[in-house]
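# Understanding the architecture of this molecule
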Amino acid sequence: MTGKLWLVPTPIGNLEDITLRALRVLKEVDLILAEDTRTSGKLLKHYEITTQMRAYHLNNEHAVLSSIMALMQQGQELALITDAGSPGISDPGFLLVRECWREGVEVEALPGATALIPAITESGFPCERFVFEGFLPPKKGRQKRLQVLLQEERTVILYESPHRLLRLLEELSLYMGENERLIAVAHELTKVYAFMKRATPKELLTYFTEHEPKGEFVVLISPRD
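The paragraphs below set out a description of the structure included in this document. (Residues numbered from 1 in each chain as written. Predicted model: local features only at pLDDT ≥ 70, side-chain atom pairs only at ≥ 80, totals over all residues. Heavy atoms only, no water.)

The next subject is the overall build of the chain. The secondary structure content of the chain amounts to 8 helices and 10 strands. Counting every position in the chain, which comprises 225 residues, the buried fraction comes to 47%. Here the analysis covers contacts within the chain between residues at least 6 apart in sequence; of these, 72% occur between residues at least 24 apart. When the accessible surface of the chain is split by element, carbon and sulfur atoms take 51% of a total near 12100 Å². Charge separation in the chain, taken as the distance between the mean sites of 26 positive and 31 negative side-chain charges, equals 4 Å. (Helix = DSSP H or I, 4+ residues; strand = E, 2+ residues; numbered from the N terminus. Buried < 20%, exposed > 50% of the residue type's maximum accessible area, 1.4 Å probe, protein only. Contact = heavy atoms within 4.5 Å. Areas by Shrake-Rupley, 256 points an atom, 1.4 Å probe, with all protein chains shown as cover. Lys, Arg positive; Asp, Glu negative; His and termini not counted. Charge placed at Lys NZ, Arg CZ, Asp CG, Glu CD.)

Where burial is concerned, most of strand 7 (residues 155–160) is hidden: 6 out of the 6 residues are buried. In strand 7, alternate side chains face the same way, and those of T155, I157 and Y159 on one face and V156, L158 and E160 on the other are all buried. Of the strand pairs in this sheet, strand 6 (residues 130–135) and strand 7 are connected by 5 bridges, and their pairing is parallel. Of the residues in strand 7, the one forming a bridge with F135 is Y159. Where strand 7 and strand 10 (residues 217–221) come together, 5 bridges link them in antiparallel fashion. Of the residues in strand 10, the one forming a bridge with I157 is L220. (Pairing = 2+ DSSP bridges.)

Bringing helix 1 (residues 20–28) into the picture now. Every buried residue of helix 1 is listed here: A22, L23, V25 and L26. The buried residues of helix 1 occupy one face: seen down the axis, they fall within an arc of 165 degrees. Turned more than 90 degrees from where helix 1 packs its buried face, L20, K27 and E28 sit exposed. In this fold, the buried residues of helix 1 make contact with strand 1 (4–7), strand 2 (31–34), helix 2 (37–46) and strand 4 (77–81). (Arc of directions from axis to C-beta.)

If you check which residues of helix 4 (residues 94–103) are buried, you get L95, L96, V97, E99 and C100. At the exit of helix 4 stands G104, carrying a positive phi of roughly 75 degrees.

This part covers the sheet that holds strand 9 (residues 195–199). Strand order in the open sheet made by the 5 strands is 6-7-10-8-9, with mixed pairing throughout. Only two strands of the sheet have a single partner each, and these edge strands are strand 6 and strand 9. Averaged over neighbouring strand pairs, the angle between their axes works out to 15 degrees when direction is ignored. Across 5 bridges, strand 8 (residues 183–187) lies against strand 10 in antiparallel orientation. Directly across from I183, in strand 10, lies its bridge partner I221. The strands touched by helix 8 (residues 201–210) within the sheet are strand 8, strand 9 and strand 10, with strand 9 carrying the most contacts at an inclination of about 135 degrees. (Axes fitted to C-alpha atoms, helices over the stretch in contact; angles between N-to-C directions.)

What follows concerns the packing of helix 7 (residues 162–176) against helix 8. For the pair helix 7 and helix 8, the least separation of the axes is 8 Å and the interaxial angle reads 155 degrees. With respect to helix 8, the element helix 7 is oriented roughly antiparallel. The hand of the helix 7/helix 8 crossing is left-handed. Residues L165, L166, L169, E170, L172, S173 and M176 of helix 7 form the contact with helix 8, whose own contacting residues are P201, K202, L204, L205, F208 and T209. (Parallel < 35°, antiparallel > 145°, perpendicular 65-115°, else oblique. Left-handed = near helix turned anticlockwise from the far one by under 90°.)

Let us look at the pattern of salt bridges. The tally for this structure, following the rule as stated, stands at 14 salt bridges. Among the ionic pairs, E108 bridges to R21, the shortest N-O distance being 2.4 Å. Of this pair, E108 sits in strand 5 (residues 106–109) while R21 sits in helix 1, placing them 87 residues apart in sequence. A salt bridge links E171 to R142; the shortest N-O distance between them is 3.1 Å. On the criterion of sequence distance, the pair formed by E171 in helix 7 and R142 in helix 6 (residues 142–149) is long-range, its members being 29 residues apart. There is no split in this pair, since E171 and R142 are both buried. Overlapping salt bridges, with partners in common, bring together R142, E160, R164, R167 and E171 in one network. (Salt bridge = Lys/Arg side-chain N within 4 Å of Asp/Glu carboxyl O.)

Laid out in structure tokens, this is it:
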């Protein structure tokens, strides 16, 4: 009898944003695969979860895939968690889930925290249809991809790191020109100092030039008229 892989979302900031079911699964599985065991260790300690952890991240996922699959093929149940949010959404997960499907290992994804949903619902931009792009390519293909996305008639959602946020706002200001099309930038969602700003790219560029970006950001681009 084969085991099972559980995909368990973890809080994106506030530790209370985890479901009762997720806590139960983390306590009951044989092993937790964690993107960063130090980061996840704080969450597990907070909820007094003593399940053994093993590192599983983008730098080792290919190397450890076969040994992880062997555990589930022997009947063990494993949970995959990332530093924040839902596994597989701009985080490790896809490779392992695909292999489970190939090998006939059951996979179950729990609902839970992810940054893009609260960001778009809070933004006031249309959210009945949207495009989630995740992180743009840092170099090759970045400008072309961004120019394509700016033609979207749906809200576009991006993730961006603090050291590239100003570059992104500069690019948006250049490509979008002087029109009044709005951008929303969300930061520290669910945390004490969470905020969202809605303005033109030029206005946001001025703000973040004066206020150094820190932490991860969700950037939303309003639909083209």
